[in-house]
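# Geometric and topological summary
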Amino acid sequence: MHEDTHLPGELQLCQQLIEQLRASFREQKAHREQFEETCAAQQRHLQSLEQQLAESKLLVDSLLRKLYGRSSEKSKYAAFAGQGLLPFAADAAGLPVPASAASAADEQPARRQRRNRRTDGKSRDESFPAHLERRDEIIDLPEDEKAGLTRIGEDVTERLEIDAPLLWVRRTIRPKYARPGDAAAGVFQMPAPLAPIEGGRYGFSFVSHVVYQKYALHIPLYREQDFLNQFGWAPSRSTLCQVVTLAAELLEPLARYMRACVLAGDLLGTDDTWVRLLTPGVGTGSAKARLWLYRGREAAPYNVFAFTKNWKAATGPDEFLANFAGTIVGDFYAGYGRIENQTGSRILHAACHLHARRDFFQYGAQDQVFASRVLAIYRLLYDVEMRATNWTAEARLELRRKESTKHFDDLLQLMDGAEAARILPRSKLGAAVGYVKNHREQLRRFLEDGRIPIDNNDTERDLRSVTTGRKNWLFVGSELAGARTANILTIVNSAHRHCLDVQAYLRDTLERLARRAQSPPASDDDLAELLPDRWKESHPQHVRDFRVAERERIATRKRIRVALRRGAAVPEGEPPDKAIPPPVSSA
């Protein structure tokens, strides 16, 4: 106590002073608590702003990646196991790093030099096909300069040229006859030839061309007008619309039959995308409708589309899958889980691992160590799938139980661990963790059936044709037009899936369906001959072999990369398949 402190000599005055000091202390304490609360609120606000800033940066990076970056989710360092699996990622998940990682890194330049070599052991043939017409043009010396010379050979140079397609009119002349003096006998004449519509002016080749241009090459009708005008005829847009409507009506029985085949199976993939629907006089005049793709598997390899005017499950998957029993492979759309509950597990939902993995790839900057461990586990899961691509379902299931089950359990253990608990639940990365934890049962379904794919990537890839076309033809004019679009896309997309010449398939199918419409059969069994896989067997000349070979080369390169990551050597000059271990026995 300071010496100059004045204390009153009376007890009552001392008590008053003490009360004043107590009141002052309480006031200062209240101010301090208020200040601490304000500081804590400011700190929470600062953390919220920092989180928003981090999420905004991730959003900007994501948008920039979509605009200018690679669409692939592979790491540029993912060529070999030693580069894709960092030591901390392997240790955390209990995953061994292959001993061949270092040697693989040393061999990378040599492998990069061999990347462009053909993998089938054949040299590339740059000559033009022999069936193409050759028009010879001789460029020779003048006669006076050839005098006294002897021809010792020639140089032949081939250059590919193209003539504009030719529009022509088929004039069908049917003479009419009558019996002289017998008016009751009537007129004798051959029946009119088959046409897409009775009395129509357009043949099957033209109708198939218009449909092919719009739905396979994604050329809108107003651009088709410009295309046809180059050949001397400029149809109105309404004329081309009528042609498309006619084609959709003819193709409807076959699209319906494909739908029945897909629903008769017990496994399909599904996804959806939006399309602009015109609604004149309602709201803004347009709305976002949905196109749903239901992709059949091996038993029914067809892509069936369905159109709905909104995204409600009651008018989407619920209605389409009303008589379906089996497993659907799709993303985390809530409607799929609702269907599983409403049907009493008559329909099961197998979740897509590609969707689960994607957020860890896109938002991994929030916790790079944790995200890299998740991606390392997913690499091992997908390596197993790549090895078993061409295996039977039984052999694939056995391999999954042997290897993938452990990897998936490691993934769930990581999601339930302390590292995942430190991630903010409301962050993008936290939402990715929540997705895996909340859908672990649906994500595990691929381990129960060898036919179920690990992801829904095939369905997403086939749906890209709609997103590409949507940027060109922009909208559908009505709900009926949406249903017609779904029918045509079913036919065109299924033909493309089987690498068919789509225009040739459309022409033959339209003609046979028009003939069928003249005398409808009692059942739809005759339509089986028009299914793309069946039609492919009877029309091998209309198979795009270069697409088949291209797909096989891509698949082979992927299998080689997986084998190299596992440390398996690919002998120089050997067919790649010999370097790939054979499938395990299903016994």
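Structure first, text after, so check above.
Here goes a summary of the coordinates provided. Predicted model, so just to flag it, every value in this text is computed and none were measured.

Definitions and cut-offs
- Residues numbered from 1 in each chain as written.
- Predicted model: local features only at pLDDT ≥ 70, side-chain atom pairs only at ≥ 80, totals over all residues.
- Heavy atoms only, no water.
- Helix = DSSP H or I, 4+ residues; strand = E, 2+ residues; numbered from the N terminus.
- Areas by Shrake-Rupley, 256 points an atom, 1.4 Å probe, with all protein chains shown as cover.
- Salt bridge = Lys/Arg side-chain N within 4 Å of Asp/Glu carboxyl O.
- Buried < 20%, exposed > 50% of the residue type's maximum accessible area, 1.4 Å probe, protein only.
- Phe/Tyr/Trp six-rings, centres within 6.5 Å; stacked < 30°, edge-to-face > 60°.
- Lys NZ or Arg CZ within 6 Å of the ring centre and 35° of its normal.
- Contact = heavy atoms within 4.5 Å.
- Axes fitted to C-alpha atoms, helices over the stretch in contact; angles between N-to-C directions.
- Parallel < 35°, antiparallel > 145°, perpendicular 65-115°, else oblique.
- Nonpolar A, V, L, I, M, F, W, Y, C, P; charged D, E, K, R; others polar.

The subject of this paragraph is the overall build of the protein chain. Counting secondary structure elements, the protein chain contains 22 helices and eight strands. Roughly 36300 Å² of accessible area belongs to the protein chain as shown, and the carbon and sulfur atoms make up 52% of that amount.

Enumeration according to the criterion identifies 33 salt bridges in this entry. Residues Asp462 and Arg295 are paired through a salt bridge, measuring 2.6 Å at the closest nitrogen-oxygen approach. Of this pair, Asp462 sits in helix α18 (residues 457-473) while Arg295 sits in strand β4 (residues 286-296), and the two are 167 residues apart along the sequence. Judged by relative accessible area, Arg295 falls into the buried class, the value being 7%.

What follows is about the packing of aromatic side chains. One pass over the full model with this rule turns up 11 aromatic pairs. Arranged with centres 6.1 Å apart and planes meeting at 40 degrees, the rings of Tyr202 and Trp233 form a pair that is tilted. One end of the pair, Tyr202, is in the loop between β2 (187-188) and α7 (204-215); the other, Trp233, is in the loop between α8 (221-229) and α9 (237-264), and 31 residues separate them in sequence. Through successive ring pairs, a cluster of aromatic residues spans Tyr202, Phe206 and Trp233. One residue, Lys288, lies across the ring of Trp274, its end atom 4.7 Å from the ring centre. When the ring centre of Trp274 is taken as reference, the NZ or CZ atom of Arg470 above it lies at 4.2 Å.

Moving on, we get to the environment of His349. Structurally, His349 is set in strand β7 (residues 347-351). For His349, a relative accessible area of 2% gives the class buried. Spatially, the C-alpha atom of His349 lies 5.2 Å from that of Ile328, the residues being 21 residues apart in sequence. Not counting residues up to four positions away in its chain, the partners in contact with His349 are Ile328, Gly330, Asp331, Tyr336, Gly337, Glu340, Gln442 and Arg445.

Where α8 meets α9, the closest approach of the two axes is 9 Å, and the angle between their N-to-C directions is 110 degrees. Overall, the two elements α8 and α9 adopt an arrangement that is roughly perpendicular. Judged by residue contacts, Leu221, Tyr222, Glu224, Gln225 and Leu228 of α8 engage Arg237, Leu240, Cys241 and Val244 from α9. Looking at the contact of α8 with α9 residue by residue, the classes come out as six nonpolar, one polar and two charged.

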